[in-house]
Amino acid sequence: MKILAICGSPRKGNTYSVLESIKNNNPDIDFKIIHLNDINLELCRGCYACIKDGEDKCPLNDDRDIIIKEINYSDGVIFASPVYSHMISAPMKNFFDRFGYYAHRPRFFDKYAMSFVTCSGYGGKYAIEYMDKILSVFGFNLVPGLELHFRPGKTPETHIINNQKKAFKAFDKLIARIEIGGKDKPTIDKLVPFGVFKYVSEVDKENMSADYEYYKDKKDYYYDTKIPFAKKYISKRFVKKITDSFE
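For clarity, every value in this text was computed on a predicted model and none was experimentally measured.

Cut-offs applied
In this convention, every chain numbers its residues from 1, walking through the sequence in written order. Given that the model is predicted, a residue must reach a pLDDT of at least 70 before its local features are reported, and side-chain atom pairs must reach 80 or more before they are shown or counted; all residues, however, enter totals for whole chains, interfaces and linings. Calculated side-chain values reflect all of the structure's heavy atoms, with hydrogen atoms and water omitted. Under the DSSP-based scheme used, a helix requires at least four consecutive residues in state H or I and a strand at least two consecutive residues in state E, with every element numbered from the N terminus. Given the number of residues in a helix, its expected span is that number minus one, multiplied by 1.5 Å. Exposure classes here rest on a 1.4 Å probe applied to the protein chains alone. A residue is buried below 20% of its type maximum, exposed above 50%, and partly exposed in between. Only heavy atoms matter for contacts: two residues are in contact if any of them lie within 4.5 Å across the pair. Stacked, tilted and edge-to-face are the three classes applied to pairs of Phe, Tyr and Trp rings, where Trp contributes its six-membered ring and a pair requires centres within 6.5 Å; stacked means planes under 30 degrees apart, edge-to-face means over 60, and tilted covers the rest. When the NZ atom of lysine or the CZ atom of arginine is within 6 Å of a ring's centre and also within 35 degrees of its normal, the charge is said to sit over that ring. We define a salt bridge as a side-chain nitrogen of Lys or Arg found within 4 Å of a carboxyl oxygen belonging to Asp or Glu.

S.K.: For this particular structure, what's the right way to read helix α1 (residues 14-25)?
M.R.: An α-helical turn contains 3.6 residues, so any two residues separated by three or four positions project in the same direction. Over its 12 residues, α1 runs 16 Å from end to end, which matches the ideal 16 Å to within 8%, given 1.5 Å per residue. Those residues of α1 lying buried are Thr15, Tyr16, Val18, Leu19, Ser21 and Ile22. Taken together, the buried residues of α1 touch β1 (2-7), β2 (30-35), β3 (76-82), β4 (112-119), β6 (146-149) and α7 (157-180).

S.K.: Mind showing me how you'd approach the packing of aromatic side chains here?
M.R.: Both the distance between ring centres and the angle between the ring planes are used here to describe each pair of aromatic rings. On inspection of all chains with the given rule, the structure shows 26 aromatic pairs. Measuring from centroid to centroid gives 5.8 Å for Tyr102 and Phe138, while their planes differ by 65°, and the two rings are edge-to-face. One end of the pair, Tyr102, is in helix α5 (residues 101-104); the other, Phe138, is in the loop between α6 (124-137) and β5 (141-142), with 36 residues separating them in the sequence. Across this residue pair, the class does not change: Tyr102 and Phe138 are buried. Taking the centre distance of 5.2 Å and the plane angle of 75° together, the rings of Tyr221 and Tyr223 count as edge-to-face. Of the two residues examined, Tyr221 and Tyr223, each falls in the buried class. A cation sits over an aromatic face here: Lys183 above Tyr223, 5.2 Å from the ring centre.

S.K.: Explain the pattern of salt bridges to me, please; I cannot follow it from the model alone.
M.R.: One side chain can pair with another of opposite charge once the charged atoms of both are near each other. Tallying each qualifying case throughout the model produces 14 salt bridges. Between Arg98 and Asp62 there is a salt bridge, and its shortest N-O distance comes to 2.5 Å. Of this pair, Arg98 sits in helix α4 (residues 90-98) while Asp62 is found in the loop between α2 (49-52) and α3 (64-73), placing the two residues 36 residues apart along the sequence. The same class applies to Arg98 as to Asp62, namely buried. Notably, a salt bridge pairs Arg64 with Asp65, separated by 3.0 Å at the nearest N-O pair. Classification of Asp65 as partly exposed rests on a relative accessible area of 47%. Overlapping salt bridges, with partners in common, bring together Glu55, Arg105 and Asp211 in one network.

Printed below as a string of structure tokens:
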């Protein structure tokens, strides 16, 4: 089994140390850590080229595709970040910005992910909620997120050990989910964006050419799956209400 951890901490402190402890506690698992500050991932320019024309049209020439390759090789991914001002770190936010085209054209439906944050008090809940939302939109199947607390300055040894136990337990849940397999069931929150993006791609083919190529052969969802009638009906009503406002 291959697990990838993407660490968005600007330094190799508490967040990185927990990832290393998980790795060392699971020697039988191919566990790789990517520290975003160790690679060249330039700031997103907001040019929208990746959305309209395709990710290959991004003007930035950096290590983005190396990360994509590692995700594709992995069975599960841990997205780890410290909490700054009730939100994820700047490196992790830029990571999500650079991969924003997956919000339009999700692809990681066969991958499993866990959000992990470290904080000294408040804000962890909001950071995890944000990461979970983005990862779900990208197509990942999610397991419960992990929030660990570290006191400013020197953390007592007993507290470190307790954090490790929590981290190991959360990681075991990720592994168990991967072993069970299967995809998360489509929710209305996913069916509605699918319908809206498909509609926009059809009515604005020239401007949204990448989306059009992605959606043109898709019917009710991103992949073939059985959708209950009630969900399909409700989601289509929402889609119509939203798209009617575009007129």
